[in-house]
Amino acid sequence: MSIPIKKYDAIVVGAGLAGNAAAMELEKHGHHVAVLTKLHPLRSHSGAAQGGINAALSEEDSVELHMFDTVKGSDYLADQDAVELLCSKAPETVRWAERMGAAFSRNEKGEIAQRPFGGQSKPRACYAADRTGIALLQATYEQAHRAGVDFLDEWYVADIVYHDGKVNGVVAFNIRNLEEKVIFHTKAVMFATGGYARAFKINSNAHANTGDGLSIVARHGLPLEDMEFVQFHPSGLAGTGILISEAARGEGGLLYNSEGERFMKNYAPEKMELAPRDVVSRAITKEIHEGRGVGERKDAVYLDLTHLGKDKIMTRLPELRDLALTFLGLDMIKEPILISDTAHYSMGGIPTNIRGQVQKDHDGNLVEGFYAAGECACVSVHGANRLGANSVLEALLFGKHVGIEMSKDIDSLEFGEVSEVDAESMEKEISWVLKNNGTESVSKIRDELQETMSENAGVFRTEKSLKAQIEVIKSLNERFKNIRIEDKSRLFNTELQEAIELGHMLEYSSFIVEGALYREESRGGHFREDFPARNDEMFLHHTMAYMEKDGSLRLEKMPVTLGRFEVKERVY
C-alpha cells in the first residue's frame, strides 16, 4: 500500500505550551504549519501545571535576581546565556500571555498576583489560582487555531526522516485508524514532546508522557543531554504521586513528620519549606527512611494548610483541595494531608543551542532543519535542578522564541528528499507488535521497569543500585522481544500504542541510569549516597550520551556555559 506524502512548511510534534506557541508564531510569519499530537491539545500535560509562571514584575524583584536564583538552583550546571534569555524575556512573555486571554489572579492593586516558590529571592510566580497551566494552554491553543494552524490530534509520530544531517519530515500513523499512515514532508521539524518521568512508578506525569521523542532522536545516533537529572517533586499525594503544587507551600503550607517536628529546619534552616525541590524531596525521603513517616504505611509526611483558613484555600488552592478530597479523602481546610516525593520533571533531553536548533554532537555541530523546545529539550536553563514555575516559563517563552527563529530559517531551507522507504521503520515496528506471538505482557514489563527505576535510580542512588538497574533493563529488553498484545485490530488500538511507547521507555531509561552511574558526585536532582559531595573539578560539565547500533551507550562531555555568576557552594 502506498503511503501518501503531505507537504507543510513546518511540522511541530506536540501540542502543549511550547508546541502551540511555536506553531502560532510560524503561522503568523506566513509559514503553513501542522501540529501532530497523540491526544487533543487541551489534554496536553502543560494543562496540569498548577502553581505559576515566573517573571520579575514587582519593583522589589529584578531580572538579575531571577537569573541568580535560577543558576544557583541549577547547582551551577545551567548554561548562563540561556538563563539570561529566559529571565530577561520573562516579563514580556507573561504580558504576551495575558494579552492572548490568559486570566491571571490579581492582587489588591489590580496587578498580576505573584506568590513565593522554592529557591526564590522574591515572590515571582504569576498565577491563575492553582490552574495556571490550563489557563495558558487554552489561550495558546485558541490563538494558534485562530492563526490558522492545522491541528492533527490522535496522530502518533513514529520516526523522523533524517538524511545526511538534515531532517526532512516525520512519519506518523493515525491512532484512530492504523490504515492511515502519512509521511509529512517539510523544511523544518520541531519536537515539543514533553518529559520522561513516567519511567518511575510514582510520578505526576500524564499517561501520554512516555518520552517517545527522546528515543526517536537517539535511534538516529543523535545525542541526549544530562538524562541523569530527574526532578522528584516534594509534594505528590501519598500513594499516587498526583501533584500537589508548590503553591501550597508558597501560600504558607508547613511540613511535619510523625513526631510533630517541622523537620525542614534540619535541612534548609533559612528557606525551610521554600527550599528548592531537590532539597525538600530528599529531606522528605530521608524522614521516611529513618522511621518518621506518617500514614498507614508510614510512607508520607504531613502538609498542613489548616492555618490558612477556608477563604484563602478556596480562593487560591481550590483544585488542590479537590484533589486531596478525591484521592485521599482528606480536607485540607480541616486537617493535614499526606504527601511524599513524586517523579515530576526532566532536566535532561534533546540538546539544543539557544535558538532551539538540535545539536548533532558534543562539539556544537547542528542538525539542519531540526528544533526542540519545552521539557523534551535541554537548552539548558535548568541544569541539575529546576526551580518551580520556571518550566511553564521555559515552555511558553522558548516555544515562541524557537518558532520565531524557525521562521527566520525556513526561507533558506529546502524540501529535502523523502520517499516511502522512510516509512519502513514505522511499518516494521507496527507489524512486529501486531504479529509477535510471545508470552510477555506489556503492562507487566512496564510495571517492573517503573518499580525498579524508583527503587534503584530514584531520589537516592548508589553504584550498586545503578549497576543492578542496568542489568534489570537488559533483562526487560530481552523480555520485550517476547511480548504479545491481545488486540490485533487496526482501529484505536491503544494496546499497540502502549507497546511502542514501552520500547521507547526502555531505551531512554538506560540513558538515565548510565548517566547517573557515570556521574560520581551529587548535584541538584542527582544524589549519589556513595558520592554525597558535588565535584566541580571532575563533573562541572554536561553529559552527552549516544546510542550505538548495538544498543550500548557512549558518554561524552560538553562544557557548561558559565557567566556572571561564579560557581560556589549552594546553601539555603
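Residues numbered from 1 in each chain as written. Predicted model: local features only at pLDDT ≥ 70, side-chain atom pairs only at ≥ 80, totals over all residues. Heavy atoms only, no water.

A. Highlighting the sheet that holds strand E14 (residues 337-346). The antiparallel open sheet is built from four strands, whose spatial order is E11-E14-E13-E12. Only two strands of the sheet have a single partner each, and these edge strands are strand E11 (230-237) and strand E12 (254-256). Across the sheet, the axes of successive neighbouring strands diverge by a mean angle of 45 degrees, strand direction being ignored. Pairing geometry for E12 and strand E13 (residues 301-304), over three bridges, is antiparallel. When the sheet's bridge partners are listed, Tyr-256 is paired in E13 with Tyr-302. Here helix H10 (residues 318-328) sits on the sheet in contact with E11 and E14, set at roughly 75 degrees to E11. (Pairing = 2+ DSSP bridges. Helix = DSSP H or I, 4+ residues; strand = E, 2+ residues; numbered from the N terminus. Axes fitted to C-alpha atoms, helices over the stretch in contact; angles between N-to-C directions. Contact = heavy atoms within 4.5 Å.)

B. Structural view of the sheet that holds strand E5 (residues 125-126). Strand order in the open sheet formed by three strands is E3-E5-E4, and the pairing between neighbours is antiparallel. Both edges of this open sheet fall to strand E3 (53-54) and strand E4 (114-115), since each of them pairs with a single strand only. With two bridges joining them, E4 and E5 adopt antiparallel strand pairing. Bridge pairing links Arg-115 to Ala-125 in E5.

C. Structural context of the layout of surface pockets. Each pocket or cavity is described by its volume, and for the largest pocket that value is around 1200 Å³. Within the residue set of the lining of the largest pocket, elements represented by two or more residues are strand E7 (155-163), helix H6 (212-218), helix H12 (424-435), helix H14 (463-480), helix H15 (494-518), strand E19 (541-547) and strand E20 (553-559). Looking at the lining of the largest pocket residue by residue, the classes come out as 20 nonpolar, nine polar and 14 charged. (1 Å grid on protein atoms, 1.4 Å probe; cavity = no way out; pocket = protein on both sides within 12 Å on 5 of 7 lines; lining within 4 Å. Points joined across faces, edges and corners; volume = space filled by probe spheres on them. Nonpolar A, V, L, I, M, F, W, Y, C, P; charged D, E, K, R; others polar.)

D. Inspection of the environment of Glu-335 at higher detail. When you line up the elements, Glu-335 lands in the loop between H10 and E14. Residue classification places Glu-335 among the partly exposed positions, given a relative accessible area of 29%. Taking C-alpha positions, Glu-335 is 30 Å from Ile-112, a pair spaced 223 residues apart along the chain. (Buried < 20%, exposed > 50% of the residue type's maximum accessible area, 1.4 Å probe, protein only.)

E. Focus on the pattern of salt bridges. Counting across every chain of the model gives 46 salt bridges. One salt bridge connects Arg-519 with Glu-228, and the closest N-O pair in it is separated by 2.8 Å. Placement of Arg-519 in the loop between H15 and helix H16 (536-539) and of Glu-228 in the loop between strand E10 (224-225) and E11 is noted, with a sequence separation of 291 residues between them. Judged by relative accessible area, which is 0%, Arg-519 ranks as buried. Under the relative-accessibility criterion, Glu-228 is labelled buried at 1%. Ionic pairing is found between Glu-273 and Arg-262, a salt bridge with its closest N-O pair at 2.7 Å. (Salt bridge = Lys/Arg side-chain N within 4 Å of Asp/Glu carboxyl O.)

F. Main features of the packing of H14 against H15. As a packed pair, H14 and H15 sit with axes 10 Å apart at the nearest point and diverge in direction by 155 degrees. What the angle tells us is that H14 and H15 run roughly antiparallel. Crossing of H14 against H15: the hand is left-handed. Across the interface between the two elements, Glu-463, Leu-466, Lys-467, Gln-469, Ile-470, Ile-473, Leu-476, Asn-477 and Phe-480 of H14 pack against Ala-499, Leu-502, Gly-503, Leu-506, Ser-509, Ser-510, Val-513, Glu-514, Ala-516 and Leu-517 of H15. Taken together, the residues of the contact of H14 with H15 break down into eleven nonpolar, five polar and three charged. (Parallel < 35°, antiparallel > 145°, perpendicular 65-115°, else oblique. Left-handed = near helix turned anticlockwise from the far one by under 90°.)

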